[in-house]
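Chain by chain, the residues run as shown.
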Amino acid sequence: MYRDLRDFIAAVDKLGALQRIEGAEARFEVGGITEVAAGRAGCPALLFDAIKGYPRGFRIFTNATTNVQRAALALGLDPTLRPLDALKAWMEKRKNLTPQPPVTVKTAAFLENTFAGRDVDVGRFPAPVWHRRDGGPFIGSGSLVIMRDPDGGWINASIYRVQVHGPNKVTVQFDHGGRHGAIIAKKYWDRGESCPAAIVHGEDPALFIAGFEYLPDGCSEYEFAGSIKGAPIEVFAGPQTGLPIPALAEIVFEGRLLPMSETTLPEGPFGEFTGYYAAEARPGPVMEVTAVHHRNDPILLGSPPLKPPRFHFGLPFRAATIWSNLEAAGVTDVVGAWQHVSQLMTVVALRTRYDGHAKRAGLVAAAHSYMARLVVVVDDDVDPSNLADVMWAVTTRCEPAEGIDIVRNAWSSALDPRISPDDKARGVTAHSKAIIDATRPFPWRDKFPPTSALSPEEAREIEAKWGKFLGPRVG
Ligand SMILES: Cc1cc2nc3c(=O)[nH]c(=O)nc-3n(C[C@H](O)[C@H](O)[C@H](O)COP(=O)(O)O)c2cc1C
Ligand SMILES: [Mn+2]
């Protein structure tokens, strides 16, 4: 398994999935190239070098885990697994993970270059303006923010976006007060203190995954990342903050988050994963950066939200949760679950056993589908990870006048672009969801015309024998 981001990039290169780009501008171009590449069938990972105005060697890595193959690689799974098999393999692995507490090591690669006090200038690193209307450069789009809970002493290390405002000033954005980072910072601020923090740019993908996974409070993302890798994360105490920092991190900022009662700066706007802007600039907490450390030829890990279906992670973790929820709710014979359009659509595949089975699955899936307006239930011969297959089922097995139900006031969020300004102003964050039953109607399913399509097993046999003549597999 990879030890650090560099190892991971080498593994991606070995799979033939890395493209190197030279001469791009950090303003708009790096983001634009990332978006176009993520929309291509091959969806290559990108390593930008010789970025205009910055020394060669100061690199940005994007589209790291945006397809199934590289998401599997990051999770330590076989990258040749088919999408649904890879998701299943992750669900199995996650069930059996054992926490791996980090270990402290005696040296840190990130100390190869150190600047403190007046020598701090975060502008040494190329920080992209990812989308046209962004409020400024965001150096942190997939970076970890490290803090220590002043009560329990445990370490939180999660992803919150980081905007550059000056040589030693950045803002950190908490979506809401329930983020662990927000809770911890508030504890310091309520005591009239600033909150020691470190920002890690260019962490390895296991830390990236741990940084966005939902983990309970008190549970350190470092332990989770170690358990994905099957080896503890090696940490080194930051010289300024004493916070444990992954020793093989590429770029590290140390400093303090200033109390919001004293200082704020306008944060955002920033393009969201829906493909829209959700809010104007708002006051954000400021981090005063008191030290910057970086490895030689540092690599920033960039993971900007992009227009769907481009998504920061190639395996839909939320679909895995919905799959588990269905099983926990007693819905039997679920053979798969997936999400498309960057989580905005959920699909469940089912071996139907009784009339009403599909609707039961659809209702449970809808209840747990954050922001998804479309929930589709398909038969077990349809691959839920293949959107073309799913739409084939919708257009041939669902009679809209009979097979679509609408559930109102269901779970969405303030990021939802289709909630009207008036509704948003009065606090509406819910929307309606269509549950589309695209299974063969149960009472007459035996009379449904037989399909002429190959079964998945037959297709696999053909692929095994003839696939080498057919070009890359899709799905
Ligand atoms: C690429 C990416 C960027 C994210 N940016 C933010 C952000 O700016 N603010 C935020 O509150 N959550 C953001 N998140 C979501 C959090 O990282 C995620 O909910 C995490 O579980 C929060 O951890 P916590 O429970 O320790 O607060 C982002 C997630 C990803 C994958
Ligand atoms: Mn956390």
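Rules of the game
- Residues numbered from 1 in each chain as written.
- Chains lettered and ligands numbered in written order.
- Predicted model: local features only at pLDDT ≥ 70, side-chain atom pairs only at ≥ 80, totals over all residues.
- Heavy atoms only, no water.
- Phe/Tyr/Trp six-rings, centres within 6.5 Å; stacked < 30°, edge-to-face > 60°.
- Helix = DSSP H or I, 4+ residues; strand = E, 2+ residues; numbered from the N terminus.
- Buried < 20%, exposed > 50% of the residue type's maximum accessible area, 1.4 Å probe, protein only.
- Lys NZ or Arg CZ within 6 Å of the ring centre and 35° of its normal.
- Domains from an automatic or database assignment.
- Contact = heavy atoms within 4.5 Å.
- Buried area = accessible area lost by both parts, 1.4 Å probe.
- Salt bridge = Lys/Arg side-chain N within 4 Å of Asp/Glu carboxyl O.
- Nonpolar A, V, L, I, M, F, W, Y, C, P; charged D, E, K, R; others polar.
- Core = buried A, V, L, I, M, F, W, Y, C linked by side-chain atoms within 4.5 Å.

Looking at the packing of aromatic side chains
Thinking step 1. Summed over the entire model, instances satisfying the criterion amount to 15 aromatic pairs.
Thinking step 2. Ring centres 6.2 Å apart and planes at 65° place the aromatic pair Phe-273 and Phe-311 in the edge-to-face group. Of this pair, Phe-273 sits in the loop between strand 15 (265-267) and strand 16 (282-284) while Phe-311 is found in the loop between strand 18 (299-301) and helix 8 (317-328), placing the two residues 38 residues apart along the sequence. By the burial criterion, Phe-273 is buried, and Phe-311 matches it.
Thinking step 3. Three or more aromatic residues joined by ring pairs make a cluster, and in this case those are Trp-90, Phe-208, Phe-212, Phe-313 and Phe-317.
Thinking step 4. One cation-aromatic arrangement involves Arg-132 over Phe-28; the distance from NZ or CZ to the ring centre is 4.3 Å.
Thinking step 5. The aromatic ring of Tyr-277 is capped on one face by Arg-133, whose charged end is 5.9 Å from the ring centroid.

Digging into the domain arrangement of the chain
Interface extent is often summarised as the accessible area lost during association of the parts.
Thinking step 1. Domains assigned within the chain are domain 1 (5-301) and domain 2 (317-450).
Thinking step 2. Placing the centre of domain 1 and that of domain 2 at their C-alpha centroids yields a distance of 33 Å.
Thinking step 3. The interface is formed by 17 residues belonging to domain 1 together with 20 residues belonging to domain 2.
Thinking step 4. Buried surface at the junction of domain 1 and domain 2, summed over both partners, amounts to about 1,500 Å²; 79% is from carbon and sulfur atoms.
Thinking step 5. Put simply, domain 1 and domain 2 have zero salt bridges between them.
Thinking step 6. Taken together, the elements giving at least two residues each to the side of domain 1 that touches domain 2 come down to helix 4 (83-95) and helix 6 (205-212).
Thinking step 7. With six residues, the single largest contributor to the side of domain 1 that touches domain 2 is helix 4.
Thinking step 8. A per-class count over the side of domain 1 that touches domain 2 returns 13 nonpolar, one polar and three charged.

Examining the nonpolar core
Thinking step 1. With 75 residues, the main nonpolar core has Phe-8, Phe-61, Leu-75, Trp-90, Ile-146, Leu-315 and Leu-326 as its most contacted residues.
Thinking step 2. At six residues, the largest contribution of residues to this core is made by helix 8.
Thinking step 3. When residues of this core are assigned to domains, at least three fall in each of domain 1 (5-301) and domain 2 (317-450).
Thinking step 4. Residues in contact with Leu-315, not counting those within four places in the same chain, are Val-68, Ala-71, Ala-72, Leu-75, Pro-83, Ala-86, Leu-87 and Trp-338.

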